[in-house]
Amino acid sequence: MSGHPTQGTPLLRIQDLCVSYPTPDGLKEVVRGVDLSVSRGERVALVGESGSGKSVTARSVLRLDSEARTSGRVLIDGQDVLEMNSKEVRRVRGARAGLVFQDPLASLNPVKTVGWQITQPLRIRGMGRREARRRAVDLLGRLGVADPARRFDDYPHQFSGGMRQRVVIAIAVIAEPQVLIADEPTTALDVQVQAQVLELLGELAQEKDMAVLLITHDLGIVAGFAQRVAVMRDGKLVEEGDVDRVYASPRHPYTRALLDAVPRIGDQPGRRLGTAAATADPVSVSPEGEEL
Amino acid sequence: MNTAEETPLLEARNLVKTFSGRSGTRAVNDVSFTVRRGEALGLVGESGSGKSTTARCVAGLLHPDSGQVLIAGQDVTRARGRALRATRRRIQMVFQDPYSSLNPRMTVADLVGEGMYVHGIEPDRVRRRDRTVELLETVGMGSEHLDRYPRSFSGGQRQRIAIARALAVGPDLLICDEPVASLDVSVQAQVLNLFGDLREKLGLSLLFIAHDLAVVHHLCGRVAVMNSGRVVEQGDREQVYTSPRHPYTRALLDAVPVPDPAAERARAAGRGAVHTQNHHEEKR
Ligand SMILES: Nc1ncnc2c1ncn2[C@@H]1O[C@H](COP(=O)(O)OP(=O)(O)O)[C@@H](O)[C@H]1O
Ligand SMILES: Nc1ncnc2c1ncn2[C@@H]1O[C@H](COP(=O)(O)OP(=O)(O)O)[C@@H](O)[C@H]1O
Ligand SMILES: [Mg+2]
Ligand SMILES: [Mg+2]
């Protein structure tokens, strides 16, 4: 699946990534040989249904799961993250790769002001307090936060969901990382706020020439945001390509089935939706319903 | 058939519901709509706009501060006792979260059969079980599931069980509050197809709440748009989707991501111009 045309050398290159977790029944492999790369200035989407392994892939790139057993290579600007010691990994996070997760509350510290949190990536790198503050206020303003100088000293709970997600984005991009990974960054938001947040992400990425990996289950978001898409199922990529090509003529039956399952405004109302992508809707366990 | 005088199956008249609390918000503010027999009305709007509160008032799970709910012309906000129960039975509810809306200690047979027992529809145990098997078939599940517990099912299957449970008492109308919101798109497709079948086979009416405008377009012939507790626009699907009258409806429609790269590019280009004006205005 490699060998697609890219713009220059990939900034992020995932090669034959496998991830397993220890379970009572032994190791369970949930990511099984993923190859994916994102070049400077490129926006790639990783799409798939829940449990397909998207988040595990994202977290592996920055080694956020200590219990994960990982093999393969994750190269950021040529350096293998999987080979680094923990100090080196910490230096990569924030500086060279920024992360945005779905739930902004979970990624923010409730007892620190948003300003403190946004300036941390700069302060850690030795920038002075005033300059860091100036940049953070600037960025918040750019991200559509009204009266950013005053909001700088507020706490996360004083922000709405959409505003919190902007704060998370600010933290992720303030140090101008080359690679941005956003895992379902708008799934918890209303459509209007979602549209704004995605547009802001797109603008920032373009301005800073970042490589963006956007993870989502929403085929509409992929179409609006990404140039290239990889479709994930059951720990593997089943198809990858230019969005126009994949949407117009999907090669893999699973991709076709996913696209056929989505209702669209403008389609014949009530048309029979495709259900082939559903995994036989399995009954998972014994009649007594013991937990898995 | 559709004479102007036909009594609607459901009519909500000027519903108001205020929650006491720090702000004392009017969650539902003068909401009126009707659902005719066989019709599907979609209720859309962003989170907090009052959709669920409206649904709960209509279903009798909440008492509105003022306004009326009429079922086949009977005012159920005033009715009491047996008459009320008989009328209420005609409306059943399906909730978003198939994980918390089913009692984990009841088997599928009990969950689906409960309403038939409580309402005295099928007091005989064996016949009730037969009817339960039929209902499971209607929602696309086999009888081998009768003695299983909810936790052994996937999200999509739980939603089918919840639908079978609602259908068991022979309702004319289902109120569905985001019934597919937590399902994967492929499972959502299965459940939406099921709703389509049920409408066709049973002539079932729907009050269908969803934040996904494409889902509502797919299923509902009429649409009401809520914003801050009010219905700002309602009308036929075609009208609302192709020539929305209210700016809020237009803004919502404009924000829906479309699974079509070319259409998205065209729209982004169009939005660029309009957007710069609004983009810094979102409140906290
Ligand atoms: N920390 C973990 N330990 C064990 N299994 C995990 C862990 N995190 C994720 N998984 C499993 O890995 C699979 C993929 O999960 P995930 O990457 O979160 O899927 P998604 O595509 O929805 O983001 C799932 O089956 C999930 O249960
Ligand atoms: N039980 C409750 N107590 C207090 N406020 C509530 C309650 N239920 C809903 N609300 C408030 O009423 C408004 C409408 O909520 P809801 O009907 O749930 O909206 P929607 O379903 O459209 O998301 C919101 O501001 C919400 O916070
Ligand atoms: Mg995930
Ligand atoms: Mg709701």
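Everything below is about the structure printed above this text.
Presented here is a report on the structure given in the accompanying data block. (Residues numbered from 1 in each chain as written. Chains lettered and ligands numbered in written order. Predicted model: local features only at pLDDT ≥ 70, side-chain atom pairs only at ≥ 80, totals over all residues. Heavy atoms only, no water.)

1. As for the pattern of salt bridges
All names here are of chain B.
Alright, step 1. For the coordinates displayed, the defined rule picks out 31 salt bridges over all chains.
Alright, step 2. A salt bridge links R222 to E39; the shortest N-O distance between them is 2.8 Å. One end of the pair, R222, is in strand β9 (residues 222-227); the other, E39, is in the loop between β2 (26-35) and β3 (40-44), with 183 residues separating them in the sequence.
Alright, step 3. With relative accessibility at 11%, the residue R222 sits in the buried group. (Salt bridge = Lys/Arg side-chain N within 4 Å of Asp/Glu carboxyl O. Helix = DSSP H or I, 4+ residues; strand = E, 2+ residues; numbered from the N terminus. Buried < 20%, exposed > 50% of the residue type's maximum accessible area, 1.4 Å probe, protein only.)

2. Observations regarding the site of ligand 2
Residue and element names in this part refer to chain B.
Alright, step 1. Taken together, F19, A27, E46, S47, G48, S49, G50, K51, S52 and T53 make up all the residues around ligand 2.
Alright, step 2. In this structure, an oxygen atom belonging to ligand 2 sits 3.3 Å away from a main-chain N or O atom of S49.
Alright, step 3. Between ligand 2 and S52, the relevant distance is 2.8 Å, taken from an oxygen atom to a side-chain nitrogen or oxygen of the residue.
Alright, step 4. When isolated, ligand 2 has an accessible area of 560 Å², and the protein chains bury 57% of it.
Alright, step 5. Here the element with the most residues in the shell around ligand 2 is helix α1 (residues 51-58); it accounts for three residues.
Alright, step 6. Considering only residue class, the shell around ligand 2 consists of two nonpolar, six polar and two charged. (Near = heavy atom within 4 Å. Polar contact = N/O pair within 3.5 Å; in protein donor to acceptor, adjacent residues only side chain to side chain. Areas by Shrake-Rupley, 256 points an atom, 1.4 Å probe, with all protein chains shown as cover. Nonpolar A, V, L, I, M, F, W, Y, C, P; charged D, E, K, R; others polar.)

3. So, the interface of chain B and chain A
Alright, step 1. Contacts between chain B and chain A engage 50 residues on the former and 57 residues on the latter.
Alright, step 2. Overall, the association of chain B and chain A removes approximately 4,500 Å² of surface from exposure, summing both partners, and the carbon and sulfur fraction of that is 55%.
Alright, step 3. Across the chain B-chain A interface, the total number found is two salt bridges.
Alright, step 4. A salt bridge links R272(A) to D197(B); the shortest N-O distance between them is 2.8 Å.
Alright, step 5. Our count for the chain B to chain A interface comes out at ten residue pairs in polar contact (both at pLDDT 80 or more).
Alright, step 6. Elements supplying a minimum of two residues to the side of chain B that touches chain A: α5 (155-167), α6 (185-202), α7 (213-219), α8 (237-242), α9 (247-255) and α10 (261-278) of chain B. (Contact = heavy atoms within 4.5 Å. Buried area = accessible area lost by both parts, 1.4 Å probe.)

4. Focus: the packing of helix α7 (residues 161-173) of chain A against helix α8 (residues 191-208) of chain A
Residue and element names in this part refer to chain A.
Alright, step 1. Running from N to C, α7 and α8 cross one another at 15°; their axes reach a closest spacing of 10 Å. Considering their axes alone, α7 and α8 lie roughly parallel with respect to each other. As for how α7 packs across α8, the hand of that crossing is right-handed. Packed against α7, whose contacting residues are G162, R166, I169 and V173, the element α8 presents V193, Q196, V197, L200, L201 and L204 at the interface.
Alright, step 2. Broken down by class, the residue content of the contact of α7 with α8 amounts to seven nonpolar, two polar and one charged. (Axes fitted to C-alpha atoms, helices over the stretch in contact; angles between N-to-C directions. Parallel < 35°, antiparallel > 145°, perpendicular 65-115°, else oblique. Left-handed = near helix turned anticlockwise from the far one by under 90°.)

5. Looking at the sheet that holds strand β4 (residues 66-71) of chain B
All names here are of chain B.
Alright, step 1. Read across the sheet, four strands follow the order β2-β1-β4-β5 without closing on themselves; strand pairing throughout is antiparallel. Two strands bound the open sheet, and with one partner strand each, they are β2 and β5 (74-75).
Alright, step 2. In the packing of α1 onto the sheet, the strands contacted are β1 (10-18), β2 and β4, and the crossing angle to β2 comes to about 60°. (Pairing = 2+ DSSP bridges.)

6. Describing the sheet that holds strand β2 (residues 26-39) of chain A
All names here are of chain A.
Alright, step 1. Pairing is antiparallel across the open sheet formed by four strands, whose spatial order is β2-β1-β4-β5. The outermost strands of the open sheet, each flanked by one partner alone, are β2 and β5 (79-80).
Alright, step 2. In terms of strand pairing, strand β1 (residues 10-23) meets β2 through eleven bridges, oriented antiparallel. Residue pairing in the sheet places L17 in a bridge with V34 of β2.
Alright, step 3. Packed onto the sheet, helix α1 (residues 54-61) meets β1, β2 and β4 (69-76) and runs at close to 115° relative to β1.

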